[in-house]
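Structure at a glance
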Amino acid sequence: MDWEFKELGYDFDALEPYIDAQTMEIHYTKHYKAYHTKALSALSGDTSKSVEEVLLTDLRPAVQNNGGGFFNHTIFWEILGKNNGEGPSGNVGALIDKAFGSFDVFKEKFAEAGATLFGSGWVFLVYDEKSDELEIIQRHNQDHPLCGKKILMGLDVWEHAYYLNYQNKRPDYIKAFWEVVDWKKVENRFLTEKTFVLV
């Protein structure tokens, strides 16, 4: 991933009523923009290395916190879009059935990981190419999910992602999330993203 500030590719109100326009605008223009700006400041504007390389080699808190926030949010924005009731298919659909037995069980496990994560953080779905298995992982704060596995999707469970619409009802926000996962984009990440390992 490069350090370009990514365009959403859809309007702030495109995900309503599941994610409201005001939350999207604040989240994108304030939080995401601040992570990007502060990460570049911590790097003194040096964008010669990819985001992944920097996150795995530069352990300064300002880089990890802000670079992680930029990285995680970029993936989050990418996989959002109203799915009109469509679930996963193709490779991702088959892997979900293989790992969890069904899409419904997967949603329960993913929602549980999001609801039980203490404080602020993220839940990710990752794919291990060696074992041909999916895994749900939690990350606190803006810790990145780079762990030698392909990152397919992520859910932001920081309060800023949902508080205006859902207040303290994180499980309701997670339930609404399933209406705005663009599974074609998740499948595309499976097909095109590379597992990042430092040589």
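A brief report on the enclosed structure follows. (Residues numbered from 1 in each chain as written. Predicted model: local features only at pLDDT ≥ 70, side-chain atom pairs only at ≥ 80, totals over all residues. Heavy atoms only, no water.)

Here we come to the overall build of the protein chain. Counting its secondary structure elements, the protein chain contains eight helices and three strands. Taken over C-alpha atoms, the radius of gyration comes to 16 Å for the protein chain, in line with the 16 Å a tight globule of 199 residues would show. Once the C-alpha set of the protein chain is aligned to its principal axes, its extents read approximately 45 × 40 × 30 Å. With 199 residues in all, the protein chain has 48% of them scored as buried. Restricting the contact set of the protein chain to residue pairs at least 6 apart, pairs at least 24 apart contribute 69%. Counting only carbon and sulfur atoms, one obtains 50% of the accessible surface of the protein chain, whose full area is about 9,700 Å². Seen as two clouds, the 21 positive and the 31 negative side-chain charges of the protein chain have centres 3 Å apart. (Helix = DSSP H or I, 4+ residues; strand = E, 2+ residues; numbered from the N terminus. Rg over C-alpha atoms; globule rule 2.2 N^0.38 Å. Buried < 20%, exposed > 50% of the residue type's maximum accessible area, 1.4 Å probe, protein only. Contact = heavy atoms within 4.5 Å. Areas by Shrake-Rupley, 256 points an atom, 1.4 Å probe, with all protein chains shown as cover. Lys, Arg positive; Asp, Glu negative; His and termini not counted. Charge placed at Lys NZ, Arg CZ, Asp CG, Glu CD.)

Our next topic: the pairing of strand E2 (residues 133–140). Looking at chain direction, strand E1 (residues 121–128) and E2 are connected through eight bridges and run antiparallel. In the strand pairing of E2, Leu 125 is matched with Ile 136. (Pairing = 2+ DSSP bridges.)

With the rule as written, the count across this model stands at 11 salt bridges. Lys 184 is paired through a salt bridge with Glu 86; the nearest N and O atoms lie 2.9 Å apart. Of this pair, Lys 184 sits in helix H8 (residues 183–192) while Glu 86 sits in the loop between helix H3 (61–78) and helix H4 (90–100), and the two are 98 residues apart along the sequence. In this structure, Asp 104 and Lys 107 form a salt bridge, with 3.9 Å as the shortest nitrogen-oxygen distance. You can see Asp 104 and its partner Lys 107 sitting in helix H5 (residues 103–116), three residues apart, about one turn around the helix. Relative accessible area serves as the criterion here: at 49%, Asp 104 is assigned to the partly exposed category. Each of the salt bridges in this network shares a partner with another, and the network as a whole consists of Glu 78, Arg 189 and Glu 193. (Salt bridge = Lys/Arg side-chain N within 4 Å of Asp/Glu carboxyl O.)

Space inside the largest pocket adds up to approximately 180 Å³. Taken together, 14 residues make up the lining of the largest pocket; nearest its centre are Glu 52, Phe 71, Arg 189, Glu 193 and Lys 194. Those elements that provide at least two residues to the lining of the largest pocket are H3 and strand E3 (150–156). (1 Å grid on protein atoms, 1.4 Å probe; cavity = no way out; pocket = protein on both sides within 12 Å on 5 of 7 lines; lining within 4 Å. Points joined across faces, edges and corners; volume = space filled by probe spheres on them.)

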